Amino acid sequence: MSFKTTFEQYDWDTLEKEIYAVTTAEVAQILQKEKIGLEDFKALISPAAKPFLEQMAQRSNQLTKKRFGNTMQMYIPMYLSNECQNICTYCGFSMTNKIPRKTLTDAEILKEVSKIKSLGYDHILLVTGEANKTVGVSYIKHAIELIKNNFSNISMEVQPLDQEEYETLVTAGLYAVLVYQETYHEATYKVHHPKGKKSNFQYRLDTPDRLGKAGIHKIGIGALFGLEDWRVDSFYTALHLRYLQKTYWKTKYSISFPRLRPFEGDVAPKVEMTDSDLVQLICAYRLLDEDVELSMSTRESEKFRDHIIHLGITSISAESKTNPGGYSVEPQSLEQFEISDERSTAEIKAMIQSQGYEVVFKDWDKAYS
């Protein structure tokens with residue numbers, strides 16, 4: 001069993017027509033409902049929902065406070081390596097980019113950890129390029145074991161792995177895995193991933209299933225906005241979420257909202273996603289599911305991140321470095337992409353607190369496992 005069976009029951013072009021055919025009258029009727037379903041979600045992400053954005057935002061705020069209270073989790077990524085065997089048209093780490101490659105040693109990892117801990121973080125996200133020989137399962141497992149006594153929980157965003165490999169990492173101390181489909185449009189996916197293991201659309205699509213079967217505590221999913229129509233990709237993400245929640249009901253879930261950012265190589269977005277579009281989508285996801293965690297990275301601008309604190313987001317990163325060793329070891333190494341919000345952790349914490357929220361530096365404590 002996998003998401004493939006559900007995925008194949010839907011057609012991209014048909015979904016696109018349905019979403020764009022929604023009327024304002026239909027949106028108004030749906031917003032009267034207490035429970036929002038997948039079919040309703042199409043209306044909430046449609047152009048017809050734009051006039052209702054304030055109403056959606058207020059409801060999103062209420063639902064988020066009901067479930068998460070006045071709290072905002074803060075996390076930080078730590079890039080272990082920029083070595084990669086894939087060609088991805090939108091990524092600075094792509095194999096075709098002639099850049100210096102760097103993989104952190106034990107000593108360098110611990111130096112980065114020391115800097116991150118000094119900033120107050122207790123939840124870390126490990127990130128690598130996709131290079132099985134250099135940063136494969138054994139390297140990742142060793143890194144987790146090396147740093148796990150420093151953090152209450154460890155998440156990672158690396159290449160998709162087999163179920164048995166995930167089981168090994170869970171045993172080592174892994175808490176959550178983020179794996180974005182990038183786009184659910186298979187033909188477009190092939191265009192942007194022409195070579196490497198990542199070019200296998202179906203293997204990537206089945207990754208959350210392998211994670212669920214491996215017993216991971218939390219799975220993060222999402223799409224990279226700009227590769228295809230964000231509305232259709234977002235429906236498929238919601239469809240994927242609903243399938244996973246039903247199938248692996250003991251697992252927690254999160255959704256992220258990455259938009260294309262400048263990098264070495266630079267691909268212009270095929271479809272623009274405006275700030276108001278992103279606000280609409282955040283609110284739509286919250287109306288669909290009051291339990292799912294919604295995360296916002298430093299890809300977005302200071303002004304935008306300041307204004308979305310009340311709209312449904314539950315976790316936010318700060319002071320992110322998207323290059324291996326970026327915090328203390330090798331600050332000038334090439335970034336995977338440019339960040340937009342460059343404020344310090346202290347500044348982001350103060351901003352969050354000024355809006356009446358309590359800052360939480362960890363998601364879950366291993367003492368409760």
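From a predicted model like this one, the values you see are computed outputs, not experimental measurements.

Chemist: Which parts of the structure should I look at to understand unusual backbone geometry?
Modeler: Note: most peptide bonds trans; most residues except glycine with negative phi. For Glu 182, which is not a glycine, the phi torsion comes out positive at approximately 75°. Along the polypeptide, Glu 182 turns up in the loop between β4 (176-178) and α9 (186-192). Look at Glu 182 and you get buried, because its relative accessible area is 8%.

Chemist: Looking at this structure, how should I read helix α8 (residues 163-172)?
Modeler: Given 3.6 residues to a turn, an α-helix orients residues that are three or four positions apart in the same direction. Within α8, the full set of buried residues consists of Tyr 166, Leu 169 and Ala 172. The arc that holds the buried residues of α8, viewed along the axis, is 115°, so those residues lie on one side. The exposed residues of α8 that point more than 90 degrees off its buried face are Glu 164 and Thr 171. Buried-residue contacts for α8 involve α7 (137-147), β3 (153-157), β4 and α11 (207-214). Phi turns positive, to about 130°, at Gly 173, one or two residues after α8.

Chemist: Can you help me understand the pairing of strand β6 (residues 252-256) in this one?
Modeler: Residues in a regular strand point their side chains to alternate faces of the sheet. Among the five residues of β6, four are classified as buried, and the element is accordingly described as predominantly covered. Relative to β6, strand β5 (residues 218-221) is paired through four bridges, and the arrangement is parallel. Looking at the pairing, Lys 218 lines up with Lys 252 of β6. You can see the chain leave β5, run along helix α12 (residues 230-247) and come back into β6, and the turn it takes is right-handed. Where β6 meets strand β7 (residues 293-296), three bridges bridge the pair, whose relative direction is parallel. Bridge pairing links Ile 255 to Leu 294 in β7.

Chemist: Help me out: how do you make sense of the pattern of salt bridges in this one?
Modeler: Two side chains with opposite charge may pair up if their charged atoms get near one another. Within the structure shown, the criterion is met by 24 salt bridges. One salt bridge connects Arg 343 with Asp 306, and the closest N-O pair in it is separated by 2.9 Å. Placement of the pair is Arg 343 in the loop between β8 (315-317) and α15 (345-354) and Asp 306 in helix α14 (residues 302-307), with a sequence separation of 37 residues. The class of Arg 343 is buried, set by a relative accessible area of 11%.

Chemist: Is there a simple way to think about the environment of Gln 280 in this case?
Modeler: Here Gln 280 lies in helix α13 (residues 275-288). Residues Gln 280 and Ser 46 lie 234 residues apart in sequence; the distance between their C-alpha atoms is 9.1 Å. Side-chain polar atoms of Gln 280 contact the side chain of Lys 50, separated by 3.2 Å.

Chemist: Looking at this structure, I do not really get α11. What am I missing?
Modeler: Of all eight residues making up α11, seven are buried, and the element is well covered by its neighbours. Turning to α11, its buried residues are Thr 207, Pro 208, Asp 209, Arg 210, Leu 211, Gly 212 and Ala 214. Against the buried residues of α11 lie α1 (3-7), α8, β4, α10 (201-205), β5 and α12. Among the residues trailing α11, Gly 215 stands out with phi positive, at a value near 80°.

About the thresholds
Residues numbered from 1 in each chain as written. Predicted model: local features only at pLDDT ≥ 70, side-chain atom pairs only at ≥ 80, totals over all residues. Heavy atoms only, no water. Helix = DSSP H or I, 4+ residues; strand = E, 2+ residues; numbered from the N terminus. Buried < 20%, exposed > 50% of the residue type's maximum accessible area, 1.4 Å probe, protein only. Arc of directions from axis to C-beta. Contact = heavy atoms within 4.5 Å. Pairing = 2+ DSSP bridges. Right-handed = clockwise from strand over helix to strand, strands pointing away. Salt bridge = Lys/Arg side-chain N within 4 Å of Asp/Glu carboxyl O. Polar contact = N/O pair within 3.5 Å; in protein donor to acceptor, adjacent residues only side chain to side chain.

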